[in-house]
Amino acid sequence: MKNDKMKNQYRVNEQIRVREVRVVGDDGSTVMPTRQALDIARDKGVDLVEISPNAQPPVCRIIDYSKFLYQQKKRAKELKAKQVKQEVKEIRFGPQTDDHDYNFKLKHAKEFLEEGNKVRAFVFFRGRSILFKEQGEVLLLRFANDLEEYGKVEQMPALEGKKMFLYLSPKKAGVAKKSQQKMDRERREAEAKSESNKAVASETTESNPANGGLFANAKNGADALKKLKND
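Everything numeric in this text was worked out from a predicted model, so none of it was measured. Residue numbers run consecutively from 1 along every chain, following the written order of its sequence. Given that the model is predicted, a residue must reach a pLDDT of at least 70 before its local features are reported, and side-chain atom pairs must reach 80 or more before they are shown or counted; all residues, however, enter totals for whole chains, interfaces and linings. Calculation of side-chain values draws on the structure's entire complement of heavy atoms; hydrogens and water are dropped beforehand.

S.K.: Explain the environment of Glu-154 here, please?
M.R.: In this fold, Glu-154 is placed in strand β7 (residues 151–160). Burial classes follow relative accessibility: with a 1.4 Å probe on protein chains only, a residue under 20% of its type's maximum area counts as buried, one over 50% as exposed, and anything between as partly exposed. Its relative accessible area of 47% is what places Glu-154 among the partly exposed residues. Spatially, the C-alpha atoms of Glu-154 and Leu-168 are 5.4 Å apart, while their sequence positions differ by 14 residues. For Glu-154, the contacting residues outside a window of four places in its chain are Lys-118, Tyr-167, Leu-168 and Ser-169. Strands are runs of DSSP state E lasting at least two residues, helices are runs of H or I lasting at least four, and both sets are numbered from the N terminus onward. For this analysis, residues touch if any pair of their heavy atoms sits within 4.5 Å.

S.K.: Help me understand a positive patch on the surface in this model?
M.R.: Residues enter patches when they are more than 30% accessible in relative terms and free of salt bridges; like-charged ones are connected within 9 Å and nonpolar ones (Val, Leu, Ile, Met, Phe, Trp, Tyr) within 5 Å. Accessibility throughout is a Shrake-Rupley quantity obtained with a 1.4 Å probe, and a residue counts as covered only by protein chains that appear here. Salt-bridge detection follows one rule: a side-chain nitrogen of Lys or Arg within 4 Å of a carboxyl oxygen of Asp or Glu. Just so you know, the count uses Lys and Arg for positive and Asp and Glu for negative, and it drops His and the chain ends. Think of each charge as sitting on NZ of Lys, CZ of Arg, CG of Asp or CD of Glu. A cluster of basic side chains, namely Arg-92, Arg-126, Lys-162 and Lys-163, defines a positive patch on the protein surface. If you trace the backbone, Arg-92 turns up in strand β5 (residues 88–93). A residue is classified by how much of its surface remains accessible, and Arg-92, at 43% relative accessible area, is partly exposed.

S.K.: Before we go on, may I ask you to explain the packing of helix α4 (residues 99–114) against helix α5 (residues 133–146) in this structure?
M.R.: Packed helices, taken two at a time, are described by their axes: the angle between them and the distance between them. At a minimum axis separation of 11 Å, α4 and α5 run at an interaxial angle of 45°. It follows from the interaxial angle that α4 and α5 lie oblique. Between α4 and α5 lies a crossing of right-handed hand. For the pair α4 and α5, the contacting residues are Asp-99, Tyr-102, Lys-105, Leu-106, Ala-109 and Lys-110 in the first and Leu-139, Arg-142, Phe-143 and Asp-146 in the second. Gly counts as polar in this scheme, as do all residues outside two lists: the nonpolar Ala, Val, Leu, Ile, Met, Phe, Trp, Tyr, Cys and Pro, and the charged Asp, Glu, Lys and Arg. A per-class count over the contact of α4 with α5 returns five nonpolar, no polar and five charged. Note on geometry: axes are lines fitted to C-alpha atoms, helical ones only across the stretch in contact, with angles between N-to-C directions running from 0 to 180 degrees. In what follows, roughly perpendicular refers to angles from 65 to 115 degrees, roughly parallel to angles under 35, roughly antiparallel to angles over 145, and oblique to any angle outside these ranges. Each crossing gets its hand from how the near helix is turned against the far one by less than a right angle, where anticlockwise is left-handed and clockwise is right-handed.

As structure tokens, then:
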């Protein structure tokens, strides 16, 4: 059934009724009358297969049709195998989640996003805890900010009944992009470290001049001699 459906996707040989076609192959492409392309295909004992009907003129290949269908089926199978099944993982919070629980769930959310899954984080308000909905919103915004290197916000915190949801989708799989905030922080730390190294080097130079202790002793001796003369 699948093969029949694939066969119907392409026009072959006499089914191609346009005046001219572009024939592509390993050595390039050539525009020629359709009749000429059919004659070439027959001489080679293969088929003329239309692979791009909407082009001007339509694009064809001279190839064995069964081999062409096999290649298309193989390519489709490979693409399907490469596709990653994306799931939606849930992370649940309370409006007064402590730091230990928060960091534990943050770690799991990072793993989910790195694996290419979406994350739906929500705060569940039980009973009178709905009074702390602003606190729940702040928690979800903090959560989104802490995950900005791994995921992007699809939907900002929104209250639905007794739950406030935040939706995150993964950034490019396998690549954790540094945020501008983190890059700025790292740059400031590097500059501060550089200034600190310069200060240490300067102090070392002053305490250990180029001529070492001899220069220092000579200077101190001259000062002492000058003081004696004055006395």
